[in-house]
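The lines below spell out each chain.
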Amino acid sequence: MAESVELPSRLAILPFRNKVLLPGAIIRIRCTSPNSVKLVEQELWQREEKGLIGILPVRDAAAEETASVGPMLSHGVGNDSADRSSKIQVGNSDNLKLDGKNQQEVIRWHNRGVAARALHLSRGVEKPSGRVTYIVVLEGLCRFSVLELSKRGMYHTARISSLEMTKAEMEQVEQDPDFISLSRQFKATALELISVLEQKQKTSGRTKVLLETVPVHKLADIFVASFEMNFEEQLSMLDSVDLKVRLSKATELVDRHLQSIRVAEKISQKVEGQLSKSQKEFLLRQQMRAIKEELGDNDDDEDDVAALERKMQSAGMPSNIWKHAQRELRRLKKMQPQQPGYNSSRVYLELLADLPWQKASEENDLDLKAAKERLDSDHYGLIKVKQRIIEYLAVRKLKPDARGPVLCFVGPPGVGKTSLASSIAAALGRKFVRISLGGVKDEADIRGHRRTYIGSMPGRLIDGLKRVGVCNPVMLLDEIDKTGSDVRGDPASALLEVLDPEQNKTFNDHYLNVPFDLSKVIFVATANRAAPIPPPLLDRMEVIELPGYTPEEKLRIAMRHLIPRVLDQHGLSSEFLQIPEPPRFDDKEAAERVANPGISVGLVWTTFGGEVQFVEATAMVGKGELHLTGQLGDVIKESAQIALTWVRARATDLKLAAQEINLLEGRDIHIHFPAGAVPKDGPSAGVTLVTALVSLFSQRKVRADTAMTGEMTLRGLVLPVGGIKDKILAAHRYGIRRVILPERNLKDLVEVPAAVLGTLEILLAKRMEDVLEQAFEGGCPWRQQAKL
């Protein structure tokens, strides 16, 4: 029980945020902050006799707007306050001074507090981080007023003045008729409350003894301290120094508490029989949580749902999405943790809180020269590709919010497509995230699953944005040509909305179920081939082809990048490296394989670059049928049919058969593409097939140093084909000296390195006759007599 004590002139002050300690009350405080821990250790823990400290209410300044810096005192606001005034800056007042040097945090101290005695101290286990927690049980003794507030180390001290009445003053007040009337009214109301509580809680009548043994002015504080009041009401009670004002307020609060208990009893009686088992469990769990928090047994400083709500508030969601999130949060609060939908609802809200709705990376001031140097250091060769990237970055520098094209790097594996996208992100100063689309056949991988399904999750794009933590990264859509479609949907069609700047502002992930703005994301795609990409999706992108490297470029790449990297990975230096001499390439293979008539040398393109492809044709006794082998596709089979038809139609002009004689009379033709384990297809073998057939029927050998590529029409026109650079590089590697190309592919020679072109003779053909003229040694002897 609180009693009169002799207060020292100065007390160490423990701030009590948003709560008030009244005389006679006993409270339990967990001290976790560095300044409160230091106060306990220096003022209470190290003393044999537990000392006194001051408990001063503190307003939470985080929610208030103020331009002031440093602690502030707020004067009492009770009805008996003679010196009502606004908040006073401590450092500017004559009689209230602050000695603290570091004035950073705004602390709104109240100028009246309660001196308290430490009844019990306990020290928690020190955590690995060095954090210590103290549990302090304090008893309120008497009110005091702050005369001067100062800083001692990490905590505050104050020069105080007691606000308790002297014995003579107290005896004079007790004779006041108004005080006597207020005392009777308070005791009657308190007695009624005690009777209701004892009846409800089935307790003995020991509480009634307080009404007869404790002075009424102290009894008012004790009773009110046991109620739940808001912070302003607590302050008002603390500021009630005048006894009559204190009794009046206490009577009002006790009566209000009594009425609330009666109303609660009526409601409880009505719904008590209607509570289901799950509702009772929920109430019991809530009560258990409250008991643990009161006893300090709960290690979590904050409630998980409350922490989630604060995280959502700081996520920066748009207003319409925030309303949706609030509805979901209210639904979560009404659910019990053991209910089936609780975890899925919580995971969904955590996703909303984690998404970068407004958080963006600040772009660096684009330095095109530095970007070019970065590209040159990371990637050898690729001059045309790097020039296009620099142009792309230059547009971003001139207009940062420009809706640039979606770059799609197309080329064989290992040429640097992914690292080019990473270099773009580094040049822009943005974060980089890679989304792998290889083998994706489910549309839900792009748009997400609906939350009605078990195990539902967001799509890969939303998940990537959550991982990278910003709304404007450089996002790489890797292997976009390897998406497929089946009964689960078409991922490529879902990507149409993603890559369309007019639609991706409101991209709707099925799991998220609210629009998300993807317009700030810079998309870059990679593919091995452009052909498998659906035309509508390909139309959204700018295709940049990355051809294969020349042997010289590969040598430079190995010397500059690959060998140093391998040495570093194995902890070796260049002194320990010895490269034995590889066997020299045998350039006689082509001559040996074209030693007989019916064989020609073609050039083809694969996902790994250009290749040399031999075509073999032979005749046998038969019924005039055409046999094709070598694991060929439909397109190349049709090219073989066209080639045979063209040769048969011009057999007489080419002196391959006499007038009106069937070229296939009594014999079959077999055309074979060696390396039968490798699938082959494409529209660039027409001229090679015709040359092999003419060689077969004329029994003349094709030049072994000559390779060719090109498609032809039924009338003999040579059409352009793709992959010219790769095909010429393949011919160069194979030791070919002469290459026959379609005339309309002349423009593609600018992509071929000059060093390679200098070793080759490039022959251009407009018609099939031009190809035959160059393919055979000494030209085509029958051309002068031909009527073509």
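In this report, the structure presented in the accompanying data block is examined. This structure is a prediction, so every number in the text was calculated from the model and none was measured.

## Comments concerning the overall build of the protein chain
- In terms of regular secondary structure, the protein chain is built from 25 helices and 25 strands.
- When burial is assessed residue by residue, the protein chain has 45% of its 788 residues classed as buried.
- By sequence separation, contacts in the protein chain at least 24 residues apart represent 75% of the contacts at least 6 residues apart.
- Of the roughly 42000 Å² that the protein chain leaves accessible, carbon and sulfur atoms contribute 50%.

## Some remarks on unusual backbone geometry
- Even without being glycine, Glu479 reaches a positive phi, approximately 55°.
- Tracing the backbone shows Glu479 in the loop between β12 (474-478) and α17 (491-499).
- In this structure, Lys655 is a non-glycine residue whose phi angle is positive, near 60°.
- Within the secondary structure, Lys655 is located in the loop between α21 (634-649) and β20 (667-672).

## A word on the pairing of strand β1 (residues 10-17)
- Of the pairings in the sheet, the one linking β1 to strand β9 (residues 155-162) comprises four bridges and is antiparallel in character. Residue pairing in the sheet places Ala12 in a bridge with Thr157 of β9.
- Bridge count for β1 against strand β3 (residues 52-59) is five bridges, and the pairing is parallel. Within β3, the position partnered with Leu14 by the bridge is Ile55.

## A closer look at a positive patch on the surface
- Together, Lys323, Arg327, Arg330 and Lys334 give the surface a local cluster of positive charge.
- Looking at the element boundaries, Arg327 is found in helix α10 (residues 319-334).

## Regarding the packing of aromatic side chains
- What the rule picks out here adds up to four aromatic pairs.
- On the numbers, 5.0 Å between centres and 50° between planes, the contact of Trp357 with Phe516 is tilted. Taken together, the residues Trp357 in the loop between α11 (342-354) and α12 (368-378) and Phe516 in strand β14 (residues 515-516) connect sequence positions 159 residues apart. Neither Trp357 nor Phe516 differs from the other in exposure class; each is buried.
- Against the face of Tyr348 rests Arg451, its NZ or CZ located 3.8 Å from the ring centre.

## Focus on the sheet that holds strand β15 (residues 522-527)
- Read from one edge of the open sheet, five strands run β11-β12-β15-β10-β16, paired in parallel fashion. The open sheet has two edge strands with one neighbour each: β11 (432-436) and β16 (541-545). With strand direction ignored, the average angle separating the axes of adjacent strands in the sheet is 25°.
- As defined by bridge partners, strand β10 (residues 406-410) adjoins β16 across five bridges and the pair is classed as parallel. Looking at β16, one finds that Phe409 is bridged to Ile544.

## Examining helix α16 (residues 460-468)
- Taken as a whole, α16 has its buried residues at Leu461, Ile462, Gly464, Leu465 and Val468. Taken down its axis, α16 places every buried residue within 160° of arc, on the same side.
- Just past α16, the residue Gly469 takes up positive phi, approximately 80°.

## Topic: helix α25 (residues 768-775)
- What α25 keeps buried is the set Met768, Glu769, Val771, Leu772 and Ala775. Summarising the axial view, the buried residues of α25 lie within an arc of 155°, below the 170-degree limit, and thus occupy one face.

## Observations concerning the side chain of Ser600
- Within the secondary structure, Ser600 is located in strand β17 (residues 599-606).
- Since its relative accessible area comes to 0%, Ser600 is described here as buried.
- Of the polar contacts made by the side chain of Ser600, one reaches the backbone oxygen of Thr688; its length is 2.8 Å.
- With sequence-adjacent residues up to four places away left out, Ser600 is seen in contact with Gln613, Phe614, Val615, Thr688, Thr691, Ala692 and Val702.

## Re the environment of Leu764
- Tracing the backbone shows Leu764 in strand β25 (residues 761-765).
- The exposure class assigned to Leu764 is partly exposed, which follows from its relative accessible area of 35%.

## Let's talk about the packing of α10 against α11
- Interhelical geometry of α10 versus α11 gives an angle of 150° and a closest axis separation of 10 Å. The pairing of α10 with α11 is recorded here as roughly antiparallel in orientation. Relative to α11, α10 is oriented so that their crossing is left-handed. Every residue of α11 that contacts α10 at His324, Ala325, Glu328, Leu329, Arg331 and Leu332 is listed here: Tyr342, Ser345, Arg346, Tyr348, Leu349 and Leu352.
- For the contact of α10 with α11, the class distribution of residues is seven nonpolar, two polar and three charged.

## Let's talk about the pattern of salt bridges
- Applying the stated rule across the entire model yields 31 salt bridges.
- Between Arg143 and Asp221 there is a salt bridge whose closest N-O contact spans 2.8 Å. Pair noted here: Arg143 is in strand β8 (residues 134-152) and Asp221 is in helix α5 (residues 216-225), with a separation of 78 residues, a long-range link.
- Its salt-bridge partner being Asp378, residue Arg374 comes within 2.8 Å of it at the nearest N-O pair. With a gap of four residues between them, Arg374 and Asp378 both fall in helix α12, about one helical turn apart.
- Assessed through its relative accessible area of 35%, Asp378 is described here as partly exposed.

## Re the packing of α12 against helix α13 (residues 383-398)
- Closest axis-to-axis distance for the α12/α13 pair is 10 Å, and the angle between their directions is 150°. Classified by the angle their axes make, α12 and α13 are roughly antiparallel. The handedness of the crossing between α12 and α13 is right-handed. Listed contacts from α13 to Leu368, Ala371, Lys372, Leu375 and Asp376 of α12 are Lys386, Ile389, Ile390, Leu393, Ala394 and Lys397.
- Of the residues assigned to the contact of α12 with α13, the class counts are seven nonpolar, no polar and four charged.

The rules behind each value
- Think of each chain on its own: its residues are numbered from 1, step by step along the sequence as written.
- In keeping with the predicted nature of the model, local features appear solely for residues at pLDDT of at least 70, side-chain atom pairs appear and are counted solely at 80 or more, and the whole-chain, interface and lining totals rest on all residues.
- With hydrogens and water set aside, each side-chain value is computed from the structure's full complement of heavy atoms.
- Starting at the N terminus, helices and strands are each numbered in turn, a helix being any DSSP run of H or I of at least four residues and a strand any DSSP run of E of at least two.
- Classification of residues uses two cut-offs on accessible area relative to the type maximum, computed with a 1.4 Å probe and protein chains only: under 20% is buried, over 50% is exposed, and between them is partly exposed.
- We call two residues in contact whenever any of their non-hydrogen atoms come within 4.5 Å of each other.
- Each accessible area is a Shrake-Rupley result for a 1.4 Å probe, and residues are judged covered by the shown protein chains and nothing else.
- Here the rule is simple: two strands pair whenever DSSP picks up at least two bridges between them.
- A patch consists of residues exposed above 30% relative accessible area that lack any salt bridge, with like charges linked at up to 9 Å and nonpolar side chains (Val, Leu, Ile, Met, Phe, Trp, Tyr) linked at up to 5 Å.
- Take a side-chain nitrogen of Lys or Arg and a carboxyl oxygen of Asp or Glu: if they are within 4 Å of each other, that pair is a salt bridge.
- Neither His nor the chain ends is counted toward charge; the positive residues are Lys and Arg and the negative residues Asp and Glu.
- The atoms used to mark charge sites are NZ of Lys, CZ of Arg, CG of Asp and CD of Glu.
- Here a Phe, Tyr or Trp ring, Trp counted by its six-membered ring, pairs with any other such ring whose centre lies within 6.5 Å, and the pair is stacked when the planes are under 30 degrees apart, edge-to-face when over 60, and tilted otherwise.
- In this analysis the charged atom, NZ for Lys or CZ for Arg, is taken to sit over a ring once it is within 6 Å of the ring centre and within 35 degrees of the ring normal.
- Orientation is described by axes fitted as lines to C-alpha atoms, over the contacting stretch for helices, and by angles from 0 to 180 degrees between their N-to-C directions.
- Directions are taken from the helix axis to each C-beta atom, and the arc is the one they span.
- Pairs of N or O atoms are called polar contacts if they sit within 3.5 Å, as long as, within protein, a hydrogen donor faces a hydrogen acceptor (for residues adjacent in sequence, only side-chain-to-side-chain pairs).
- Should an angle lie under 35 degrees it is considered roughly parallel, over 145 roughly antiparallel, and from 65 to 115 roughly perpendicular; all remaining angles are considered oblique.
- With the far helix as reference, a near helix turned anticlockwise by less than a right angle produces a left-handed crossing, and one turned clockwise produces a right-handed crossing.
- Here the term charged refers only to Asp, Glu, Lys and Arg, the term nonpolar to Ala, Val, Leu, Ile, Met, Phe, Trp, Tyr, Cys and Pro, and the term polar to all other amino acids, Gly among them.

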